[in-house]
Amino acid sequence: MKFTREDIDTQELDRRRALYGPLTAAVRDLVDATIRTEVDEAVIREVQATVVAATAKLRAEQIDGGFGMRFTADGESIAWGNAGIGLRNAIAPPLVIVSDDAGLHWTEVTLGAAYEGPPGLVHGGICALVMDHLLGTTASSIEPRFTGTLTLRYRRGTPLGPLRAEARIDRNEGRKTVVVGTLSDADGVTVEAEGIFIGPPTPTE
Ligand SMILES: CCCCCCCCCCCCCC(=O)SCCNC(=O)CCNC(=O)[C@H](O)C(C)(C)COP(=O)(O)OP(=O)(O)OC[C@H]1O[C@@H](n2cnc3c(N)ncnc32)[C@H](O)[C@@H]1OP(=O)(O)O
């Protein structure tokens, strides 16, 4: 696993957020526009050439492999390539997870055309991504936990559009943390989730 330390202060972190965030948002918008455009063939070809040229510019200097997980000296995590929350990942919805003192974790997200499975509905694997990340973050709120088993019950189709997902820890059993949660639209729950998340063995194990 790729965990590295990034020796930067808060000001530099904010500068990078302000630099990469808008680029990612623009690429995400491009993905949506690519799916939904009805412009004529000549414009499609012109845009393709522009995108290819832009990609070549970004490729001029690249890291090897994925972004990994970096930590600043202040302990802030930078998971900018992450498929759920990555600030530099246009595929990420992106999820912004918040929590309260009572242990409820939630995220509100709008999933558009790029996340479609059945017509007008969110792809089942994308529902799983949202729930895995939210439940995993909830499980990891005290110590890091990895997904062991994730069980989903798709009660009805999840419409594209604004959604809310919630999760809370159900119980802790040694290294295992069981988390339960739901994904909902304005009319109620569409997906129920239960996950078993497992931490690394303690030195005595
Ligand atoms: C440092 C920062 C980290 C990042 C965190 C920030 C939050 C981000 C949130 C991100 C969210 C996204 C998260 C992601 O995307 S995580 C990515 C997806 N998950 C993985 O890739 C995990 C791959 N698997 C493993 O690494 C190991 O097999 C794990 C860690 C799962 C088990 O490990 P290990 O092999 O060492 O375990 P053990 O054999 O000693 O068994 C220990 C206990 O566990 C029970 N058991 C075992 N396997 C399973 C299973 N599959 N389901 C249910 N239970 C299982 C077992 O019966 C035993 O129970 P008991 O007999 O004691 O009762």
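Residue numbers run consecutively from 1 along every chain, following the written order of its sequence. Where totals are concerned, whole chains, interfaces and linings use all residues; where local detail is concerned, this predicted model gives features only for residues with pLDDT of at least 70, and gives and counts side-chain atom pairs only at 80 or more. With hydrogens and water excluded, all non-hydrogen atoms of the structure serve as input to the side-chain values.

Right, let's get into the sheet that holds strand E5 (residues 105-111). When DSSP finds two or more bridges between two strands, those strands count as paired. Only DSSP runs of H or I covering at least 4 residues are called helices, and only runs of E covering at least 2 are called strands; the numbering of each starts at the N terminus. Pairing is antiparallel in the open sheet, where six strands are placed in the order E4-E5-E7-E8-E9-E6. This sheet does not close on itself; its edge strands, each paired only once, are strand E4 (97-99) and strand E6 (146-154). Between one strand axis and the next, the sheet turns by 25° as a mean value, whatever way the strands run. Pairing between E6 and strand E9 (residues 188-198): eight bridges, direction antiparallel. Counterpart to Phe146 in the pairing with E9 is Ile198. Structural elements are reduced to axes, namely lines fitted to C-alpha atoms, with helices fitted over the stretch in contact, and the angle between N-to-C directions of any two is expressed from 0 to 180 degrees.

Leu111, Val130, Met131, Leu135 and Leu183 are the most contacted members of the largest nonpolar core, which has 20 residues in total. Of all elements in the fold, only E5, helix H3 (124-139), strand E7 (161-173), strand E8 (176-185) and E9 reach the threshold of two or more residues within this core. No other element matches the seven residues that H3 contributes to this core. When checking whether two residues touch, look at their non-hydrogen atoms; a contact exists if any pair is within 4.5 Å. Discounting chain neighbours no more than four positions away, the residues touching Leu111 are Pro93, Val122, Ile126, Val130, Leu160, Gly161 and Leu163. Residues Ile8, Leu13, Ile78 and Trp80 belong to the second largest nonpolar core, which totals five residues. Joining through side-chain atoms within 4.5 Å is the link that ties buried Ala, Val, Leu, Ile, Met, Phe, Trp, Tyr and Cys residues into a set, and such a set is a nonpolar core. Here's how the labels work: a residue is buried when its accessible area is under 20% of the maximum for its type, exposed when over 50%, partly exposed in between, all with a 1.4 Å probe on protein chains only.

Looking now at the domain arrangement of the protein chain. The split into domains, and so the bounds of each, comes from an automatic or database assignment of domains. Segmentation of the protein chain into domains returns domain 1 (1-94) and domain 2 (96-198). On a C-alpha basis, the centres of domain 1 and domain 2 stand 24 Å from each other. Listed as interface residues are 14 residues of domain 1 and, on the opposing side, nine residues of domain 2. Buried area adds together the accessible area that both of two parts lose upon being put together, with accessible area traced by a 1.4 Å probe. Across the domain 1 to domain 2 interface the summed buried area is about 820 Å²; carbon plus sulfur atoms make up 71%. When the buried surface of domain 1 facing domain 2 is broken down by residue, Ile85, Pro93 and Pro94 rank first, second and third, together holding 44% of it. Put simply, a salt bridge is a Lys or Arg side-chain nitrogen that is within 4 Å of an Asp or Glu carboxyl oxygen. If you look at where domain 1 meets domain 2, you find zero salt bridges.

Pairs were defined over the aromatic rings of Phe, Tyr and Trp, the Trp ring being its six-membered one, requiring ring centres within 6.5 Å. Orientation was assigned from the angle between planes: stacked under 30 degrees, edge-to-face over 60, tilted for the rest. Evaluated as defined, the whole model comprises two aromatic pairs. Arg70 extends its terminal NZ or CZ atom over the ring of Phe67, reaching a point 3.7 Å from the ring centre. Stacked on the ring of Tyr20, the Lys or Arg Arg88 has its end atom at 3.7 Å from the ring centre. Note on geometry: a ring has a charge over it if NZ (lysine) or CZ (arginine) is within 6 Å of the ring centre and within 35 degrees of the ring normal.

With that out of the way, let us pick up the environment of Gly161. Mapped onto the elements, Gly161 comes out in strand E7. It is 8.9 Å that separates the C-alpha atoms of Gly161 and Ala113, two residues lying 48 residues apart in sequence. Not counting residues up to four positions away in its chain, the partners in contact with Gly161 are Val109, Thr110 and Leu111.

On a regular strand, one side chain projects to one face of the sheet and the next to the other, so that they alternate. In terms of strand pairing, E5 meets E7 through seven bridges, oriented antiparallel. Each residue of the ladder has a partner; that of Thr107, found in E7, is Ala165. When E7 meets E8, the two strands line up antiparallel, connected through nine bridges. In the sheet register, Arg168 faces E8, and the bridge partner there is Val180. Remark: two residues form the turn of the hairpin made by E7 and E8, two consecutive strands paired antiparallel; Gly174 in that turn has positive phi of roughly 65°.

Moving on: the side chain of Thr177. Here Thr177 shows up in strand E8. Given the relative accessible area of 1%, Thr177 is considered buried. Polar contact criterion, stated in full: a pair of N or O atoms within 3.5 Å, where within protein one must be able to donate a hydrogen and the other to accept it, and residues adjacent in sequence count only if both atoms are side-chain atoms. Within the structure, the side chain of Thr177 is placed 2.8 Å from the side chain of Arg145, a separation counted as a polar contact. Polar contacts involving the side chain of Thr177 include one to the side chain of Asn172, which spans 2.7 Å. If sequence neighbours within four positions are ignored, Thr177 has contacts with Ala139, Arg145, Ile169, Arg171, Asn172, Gly195, Ile196 and Phe197.

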